[in-house]
Amino acid sequence: MAKQRTDLACEARELWQAGEKGARALPGVKAENGESEGFATHTVTIGSEEGARALGRPRGTYITLELDGLLRREEDAFPRAASALAGLLAPMLPPKGDALVVGLGNRAVTPDIIGPLSAEHTLVTRHLVAQLPQHFGRFRPTAVLTPGVLGTTGVESGELVLAAAEKLRPACVIAIDALAARGTERLCRTVQLSDSGITPGSGVGNHRFTLSRETLGVPVIAVGVPTVVEASTLIMDLLEREDDAGLPGKDLFVTPREVDSRCADLSRVIGYGVSMALTPGLTVEDLDLLL
């Protein structure tokens, strides 16, 4: 039997609940809904090994931010979305110290471009703080890395991040990447934040070097956007089946028709939100001038 693939903790919990038919609660797992800047949030906290095994992801806190209003182009949706992301991300960060922002993904593949595009919208300040402290002393030193992918560089992205972390010795790493969802309703309209690290390529089953506190020696906060759903998962839902035996689509992934524009919008939200979380007091207007 194969599980339906998803990188979202909220969906993993929904799948577990459906399998249990609501018969029992999952020990050590807490879920709650909330709101930030008018956008819905769903928080799943995995605090036990039993919960981690059941949901198939490490212990930690996972926050899903629903940005439907951004997709609908609601008034002030962009600044509200960036502020919401910043407000959720800030408590996950250490109070001080340099930050290394890593944009994971392949620029040549549109659904995988979230990381590199977000990096372009992130304010880089490490050199400015060092060289012009009288002007940039209030900014948190931030470096940005886009390591590419193994197929185009010949080097594991995780190895490059590890080398950069050993050289820069940041207080934290923020890793941004594309994810896979279980259903199409969350594609390119949600952002998941977690404090448990990330495995590049896991969304499409191409597991690489894991970025986590254990591998890098510093906290790793993951920011991800689901941009694809496995075709066999959609077929399983359509046929109301619990296994994928004999089904096509195990190596096919579905993405929205307008994935390019959606990734462009969400990448800007993430880059601005990360910058605002790292340097409190920055506004969207400030970043429009600085980036």
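Everything here concerns the structure above.
If you're wondering where the values come from, they're calculated on a predicted model, not measured in any experiment.

Enquirer: So what's going on with the pairing of strand β2 (residues 39-46)? Residues and values would help.
Expert: Across eight bridges, the pairing between strand β1 (residues 29-36) and β2 is antiparallel. Bridge assignment links Lys 30 to a residue of β2, and that residue is Thr 45. Turn length for the β1-β2 hairpin, with the two strands adjacent in sequence and antiparallel, is two residues, and the turn residue Glu 37 shows positive phi of about 55°. Bridge count for β2 against strand β3 (residues 60-66) is six bridges, and the pairing is antiparallel. Counted as the bridge partner of Val 44 is Tyr 62 from β3.

Enquirer: Break down helix α9 (residues 157-168) for me, with residues and values.
Expert: If you check α9, its first and last C-alpha atoms are 16 Å apart, about what twelve residues at 1.5 Å a residue would give, namely 16 Å. Packing partners of the buried residues in α9 comprise β4 (99-103), β5 (142-145) and α10 (213-216). Backbone geometry just after α9 places Arg 169 at a positive phi near 50°.

Enquirer: Describe the state of the cysteines, with residues and values.
Expert: A full pass over the atoms with the stated rule returns zero disulfides. No disulfide involves Cys 188; its sulfur sits 4.6 Å from the nearest other cysteine sulfur, which is in Cys 263. Under the relative-accessibility criterion, Cys 188 is labelled buried at 4%.

Enquirer: Could you give me a rundown of the environment of Leu 211, with the residues and numbers involved?
Expert: When you line up the elements, Leu 211 lands in the loop between β7 (190-194) and α10. The exposure class of Leu 211 is buried, given its relative accessible area of 0%. Separated by eleven residues in the primary sequence, Leu 211 and Pro 200 place their C-alpha atoms 7.8 Å from one another. When sequence neighbours within four positions are dropped, the list of residues in contact with Leu 211 reads Leu 104, Gly 158, Val 161, Ala 175, Gly 197, Ile 198, Pro 200, Leu 216 and Val 220.

Enquirer: Now, about the pattern of salt bridges: what can you tell me, with residues and values included?
Expert: Scanning all chains against the criterion turns up 13 salt bridges. With a shortest N-O distance of 2.6 Å, Glu 74 and Arg 72 are connected by a salt bridge. The exposure class assigned to Glu 74 is partly exposed, which follows from its relative accessible area of 33%. The salt bridge involving Arg 262 is made with Glu 258; its shortest N-O contact spans 2.4 Å. What makes Glu 258 partly exposed here is its relative accessible area of 31%. Because the salt bridges share partners, they merge into one network encompassing Glu 11, Glu 14, Glu 66 and Arg 186.

Enquirer: I'd like a description of a nonpolar patch on the surface, backed by residues and values.
Expert: A cluster of nonpolar residues, Leu 289, Leu 290 and Leu 291, forms a patch on the protein surface that exposes about 310 Å² of accessible area. Mapped onto the elements, Leu 289 comes out in helix α13 (residues 284-290).

Enquirer: How would you sum up the nonpolar core? Please name residues and give values.
Expert: In this structure, Leu 67, Leu 89, Leu 93, Ile 174, Val 191, Leu 266 and Ile 270 are the most contacted members of the largest nonpolar core, which totals 47 residues. Among the elements that line this core, the one with the most residues is helix α12 (residues 259-278), at ten residues. Look past the residues within four positions of Leu 266 in its chain and what remains in contact with it is Leu 67, Leu 70, Ile 114, Cys 188, Arg 189, Val 191 and Val 225. The next biggest cluster of nonpolar side chains, apart from the first, holds 31 residues, and it includes Leu 8, Tyr 62, Val 161 and Val 220.

Rules and cut-offs
- Residues numbered from 1 in each chain as written.
- Predicted model: local features only at pLDDT ≥ 70, side-chain atom pairs only at ≥ 80, totals over all residues.
- Heavy atoms only, no water.
- Pairing = 2+ DSSP bridges.
- Helix = DSSP H or I, 4+ residues; strand = E, 2+ residues; numbered from the N terminus.
- Expected span 1.5 Å × (residues − 1).
- Contact = heavy atoms within 4.5 Å.
- Disulfide = S-S within 2.5 Å.
- Buried < 20%, exposed > 50% of the residue type's maximum accessible area, 1.4 Å probe, protein only.
- Salt bridge = Lys/Arg side-chain N within 4 Å of Asp/Glu carboxyl O.
- Patch = residues over 30% accessible without salt bridge, like charges linked within 9 Å, V, L, I, M, F, W, Y side chains within 5 Å.
- Areas by Shrake-Rupley, 256 points an atom, 1.4 Å probe, with all protein chains shown as cover.
- Core = buried A, V, L, I, M, F, W, Y, C linked by side-chain atoms within 4.5 Å.

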